[in-house]
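# Structural characterization, general
These are the residues of each chain, in order.
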Amino acid sequence: MILITILGCSKEKIGDRLLPETDKYEHLTVKNNININQDKNTIKERFTTPEGYDWVEERPDSFGYFIENFKLKPYGIPILKYNGNPISTQHLHEAVFDIDTGDKDLQQCADAVIRLRAEYLYKTKRFDEIKFHFTSGDLVSWNNYKNGVRAFVNDNSVTFRKTAGADDSYQNFRNYLDLIFNYAGTISLNQETKPVTKNSNLKTGDILITPGSPGHVVFIAGVCKNKEGKKLFLLGEDFTPVQSIHLISNPFHKNISPWYDLNVHDSETKTARYLFKPTNFRSF
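In short, a report on the structure. Remember, it's a predicted structure, so these values are computed and weren't measured experimentally. (Residues numbered from 1 in each chain as written. Predicted model: local features only at pLDDT ≥ 70, side-chain atom pairs only at ≥ 80, totals over all residues. Heavy atoms only, no water.)

Before going further, it helps to examine the nonpolar core. Formed by 54 residues in total, the largest nonpolar core has its most connected members in Ile43, Tyr176 and Phe219. Contributions of two or more residues to this core are made by strand E1 (53-55), helix H2 (63-68), helix H3 (109-123), helix H4 (142-146), helix H5 (170-183), strand E8 (207-210), strand E9 (216-226) and strand E10 (231-237). A per-element tally of this core places H3 first, with ten residues. Here Ile43 is in contact with Trp55, Ile67, Glu68, Phe70, Leu72, Phe97, Ala221, Leu234 and Leu247, once residues within four sequence places are set aside. Core analysis: the next-biggest nonpolar cluster, separate from the first, contains 17 residues, Leu208, Val218, Tyr274 and Phe276 among them. (Core = buried A, V, L, I, M, F, W, Y, C linked by side-chain atoms within 4.5 Å. Buried < 20%, exposed > 50% of the residue type's maximum accessible area, 1.4 Å probe, protein only. Helix = DSSP H or I, 4+ residues; strand = E, 2+ residues; numbered from the N terminus. Contact = heavy atoms within 4.5 Å.)

Relative orientation of the contacting elements H3 and H5 amounts to 150 degrees, with a least axis distance of 10 Å. When the axis of H3 is compared with that of H5, the two are roughly antiparallel. Considering the relative orientation of H3 and H5, their crossing is right-handed. Facing Asp111, Ile114, Arg115, Ala118, Glu119 and Tyr122 of H3, the residues of H5 in contact are Tyr170, Phe173, Arg174, Leu177, Ile180 and Phe181. Here the residues of the contact of H3 with H5 are counted per class, giving eight nonpolar, no polar and four charged. (Axes fitted to C-alpha atoms, helices over the stretch in contact; angles between N-to-C directions. Parallel < 35°, antiparallel > 145°, perpendicular 65-115°, else oblique. Left-handed = near helix turned anticlockwise from the far one by under 90°. Nonpolar A, V, L, I, M, F, W, Y, C, P; charged D, E, K, R; others polar.)

The subject of this paragraph is H3. Along an α-helix, a turn takes 3.6 residues, which lines up residues three or four apart on a common side. With 15 residues, H3 should cover 21 Å at 1.5 Å per step; its first-to-last C-alpha distance of 22 Å lies within 8% of that length. Along H3, 14 of the 15 residues are buried, which leaves the element largely enclosed by surrounding structure. Just downstream of H3 lies Lys125, where phi reads positive at about 60 degrees. (Expected span 1.5 Å × (residues − 1).)

So, in structure tokens, the structure goes:
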């Protein structure tokens, strides 16, 4: 009786899409035109928009609203690994989300998106919607897990049996998510989201993803728009090894950093640490 083992994000490897690190001193010599309200503790409050752009308003009950109003840690705090040690690259982020990483190397890139989505559904009491696929394709729901149903493997197939008592506590919810983090990844996340084919449809909470091995994902953490309808975007991510979920800077266009000019029709999209090729935007 063993739990099925499936690929995840370091599990799926970052591979040759990982970009060379930019000069960590370069950002000190380039003027950043975007004012950052360092004393504010949400994405929408902390980051102003480029001139001529305004924040796109999100519905208060939406996933996008949940993300752009998510509490941030104090400005300038380093990105920490799951073991509490700082990562070596500390110059490519502008904010750290105030959410735990867990104490295991589990909550990697796709898992961070799953974590935020699950926390949103949990907070809004949409418990029936908390369900994610393993990379094998098997669906695992919070409703079943909290009622004691567990996943097991038999001749390379997943079976489900009730082996525990009912427990709807938040700690058990975190246990459920750790199970998902172990056996889900960019492949399953790509399959359970829908493609976004128009720039006008991109919104906070959507993802940019390369499924497989190598694989990686970033999520849209904020959207602004000008009078002509052109949008700019903030991006968040986790990485490997497991580390703080953070909002990345834009080392390629410092005049609008941390905002990104994204296009669903581009053949490739370069973010601070990863090259997405092809460009693949998707939505829950």
